[in-house]
Amino acid sequence: MKLRTFRYLLSEGFKNVWSHRLMSVASSGVLMACMLMIGIVFSISANIDNYVSEIQKNAVVMAFFRDDVSREDALAATESIKSLDNISSVKFISKEEGLSNQEDSMGEEYKEIFAILQNDNPLPDGVQITISDLEQYNQTVESIRAVNGIDIIRQRGDYVDRLVAIRSVISIIGTGVILLLLIISLAIVSNTIKITMFTRKLEINIMKAVGATNRFIRTPFVIEGMLLGIIAGVVSTGFLYFIYKLAEQTLTSSFSGLGAFVPFTKFAFPLLGAFILMGALVGSIGSAISIGKYLRHEGSEFNAIF
């Protein structure tokens, strides 16, 4: 295709958007609504993943050794735990350190009691273990339990299981919602272009009658759909920013223990790029589907008359 021809077709695409601006606004508006829903689902998923990651950093398992295990054997077992899979960090805590930590946490009123316990420390040596992947939490706990000398393990497997299940459900629902909205967006753009196409039905048939190729006729409509998608992507990102900031301020003030939100700037540009790409693809594919069907059926019937 010659550059001059492409420029002409590009200008026709822009003209179509402006000439049918009411339909363009309606189409972009519905596309924006779909993209906003996708953005909201993505934002929720991003914050839940961030929350899970923070919990994962604190997914601490406390393992305690039997009383008959010597300090040397306990240190050797600690090294064995370090070599296990899915272990982020391992810290040996002697019984003396454990008693000191308990004393610090209890306060001054229990100082005399802890002074007595210094001579007969009832606490065992232990290991503080941070697990990397919560998906393998229970398997990792069983591996730790199998290490020689381990007597008691203090862990929150039920809580971790619920957390992992919630994240999985939200991920599945989010993916389903996004796919559904993409299909709806495709149908909306396709129908919008179809309406635009029927308003230019005579013009298209005349172009076919004088020998214009299907690609020549199709290109302005594809460009129109692409432009509508890009506009919807840019504007919806701006709206999502204000919605996200409003939700952040409202929820942070209402629920102080909710934790910090993921900064919008952290995913703003990737999301903008994804919206623009999605809008361009959905717009161009929807337009190509509509004009393609028309050119194959009604356009061919028109040519048959001649």
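Values in this document were obtained by computation on a predicted structure and should not be read as measured data.

Here's the deal with the layout of surface pockets
Counted as a void, the second largest pocket has a volume near 250 Å³. For the lining of the second largest pocket, the elements supplying multiple residues, two or more each, are β1 (60-65), α4 (95-106) and β3 (126-131). Of all the elements, α4 adds the most residues to the lining of the second largest pocket, at three residues. In terms of residue class, the lining of the second largest pocket is made up of five nonpolar, six polar and two charged.

Describing a nonpolar patch on the surface
Taken together, the side chains of Met37, Ile40, Ile44, Ile231, Val234, Val235, Phe239 and Ile243 present a nonpolar region at the surface, about 630 Å² in accessible area. Only α2 (21-57) and α9 (214-254) provide two or more residues apiece to the nonpolar patch. Broken down by element, the residue count for the nonpolar patch peaks at five residues, all from α9. Here Met37 shows up in helix α2.

Quick look at the nonpolar core
Within soluble globular proteins, side chains that are nonpolar tend to cluster in buried spots. Residues Val61, Phe65, Ile81, Ile129 and Ile144 are the most contacted members of the largest nonpolar core, which totals 23 residues. Listing elements by their share of this core, those giving two or more residues are β1, α3 (71-82), β2 (87-93), β3, α6 (137-145), β4 (150-154) and α7 (157-199). Counting residues in each nonpolar core, the second largest holds 19 residues, with Leu31, Ala232, Phe261 and Phe267 among its members.

What to know about the confidence of the model for the chain
Close inspection of predicted coordinates is inappropriate for parts of the model with low pLDDT. Mean pLDDT for the chain: 77, with 77% of residues reaching 70 or above. Mean pLDDT values for the elements of the chain range from 48 in helix α11 (residues 298-305) up to 91 in α3. With pLDDT under 50 throughout, residues 301-306 is counted as low confidence; its partners more than four residues away or in other chains account for four contacts.

A word on the packing of aromatic side chains
Going through the model one piece at a time under the given rule, you end up with seven aromatic pairs. Between Phe42 and Phe267, the aromatic rings sit 5.6 Å apart at their centres with planes inclined by 70 degrees, giving edge-to-face as the arrangement. Of this pair, Phe42 sits in helix α2 while Phe267 sits in helix α10 (residues 264-296), placing them 225 residues apart in sequence. A relative accessible area of 35% places Phe42 in the partly exposed class. The exposure class assigned to Phe267 is buried, which follows from its relative accessible area of 6%.

Focus on unusual backbone geometry
Only a minority of non-glycine residues have a phi that is not negative, and only a minority of peptide bonds are not trans. If you check the backbone angles, Asn86 has positive phi at about 65 degrees while not being a glycine. With respect to the helices and strands, the residue Asn86 is situated in the loop between α3 and β2.

Brief notes about the sheet that holds β4
Here four strands make up an open sheet; going across it, the order is β2-β3-β1-β4 and the pairing antiparallel. Only two strands of the sheet have a single partner each, and these edge strands are β2 and β4. If you compare each strand with its neighbour and ignore which way they point, the axes differ by 20 degrees on average. Both β2 and β3 contribute to a ladder of six bridges, which runs antiparallel. Note on β3: the bridge partner recorded for Val90 is Ile129. Each of β1, β2, β3 and β4 is contacted by α3, which is oriented at about 170 degrees to β2, the strand it contacts most.

Focus: the environment of Asp133
For Asp133, the position within the fold is in the loop between β3 and α6. Residue classification places Asp133 among the partly exposed residues on the basis of a relative accessible area of 24%. Placed 48 residues apart in sequence, Asp133 and Asp85 show a C-alpha to C-alpha distance of 9.8 Å.

Let's talk about α3
In a regular helix each residue adds 1.5 Å, so twelve residues correspond to 16 Å; α3 covers 17 Å between its end C-alpha atoms and thus fits that length. On its buried face, α3 sits against β1, β2, β3, α6 and β4.

Re the pattern of salt bridges
For the coordinates displayed, the defined rule picks out seven salt bridges. With a shortest N-O distance of 3.2 Å, Asp68 and Arg66 are connected by a salt bridge. By relative accessible area, Arg66 is classed as partly exposed at 33%. The partner of Lys245 in a salt bridge is Glu248, and the shortest N-O contact between them spans 3.7 Å. Of this pair, Lys245 and Glu248 are both found in helix α9, three residues apart, which corresponds to roughly one turn of the helix. You can call Lys245 partly exposed: its relative accessible area is 29%. The structure contains a network of salt bridges with shared partners spanning Arg71, Glu96 and Asp125.

Things to note about the pairing of β3
On any regular strand, side chains alternate: one points to one face of the sheet, the next to the other face. The buried fraction of β3 amounts to five of the six residues, a majority that puts the element mostly inside the structure. Bridge count between β1 and β3: five bridges; the pairing is antiparallel. If you follow Val61 over to β3, its bridge partner there is Ile129.

Rules and cut-offs
- Residues numbered from 1 in each chain as written.
- Predicted model: local features only at pLDDT ≥ 70, side-chain atom pairs only at ≥ 80, totals over all residues.
- Heavy atoms only, no water.
- 1 Å grid on protein atoms, 1.4 Å probe; cavity = no way out; pocket = protein on both sides within 12 Å on 5 of 7 lines; lining within 4 Å.
- Points joined across faces, edges and corners; volume = space filled by probe spheres on them.
- Helix = DSSP H or I, 4+ residues; strand = E, 2+ residues; numbered from the N terminus.
- Nonpolar A, V, L, I, M, F, W, Y, C, P; charged D, E, K, R; others polar.
- Patch = residues over 30% accessible without salt bridge, like charges linked within 9 Å, V, L, I, M, F, W, Y side chains within 5 Å.
- Areas by Shrake-Rupley, 256 points an atom, 1.4 Å probe, with all protein chains shown as cover.
- Salt bridge = Lys/Arg side-chain N within 4 Å of Asp/Glu carboxyl O.
- Core = buried A, V, L, I, M, F, W, Y, C linked by side-chain atoms within 4.5 Å.
- Buried < 20%, exposed > 50% of the residue type's maximum accessible area, 1.4 Å probe, protein only.
- pLDDT = per-residue confidence, 0-100.
- Contact = heavy atoms within 4.5 Å.
- Phe/Tyr/Trp six-rings, centres within 6.5 Å; stacked < 30°, edge-to-face > 60°.
- Pairing = 2+ DSSP bridges.
- Axes fitted to C-alpha atoms, helices over the stretch in contact; angles between N-to-C directions.
- Expected span 1.5 Å × (residues − 1).

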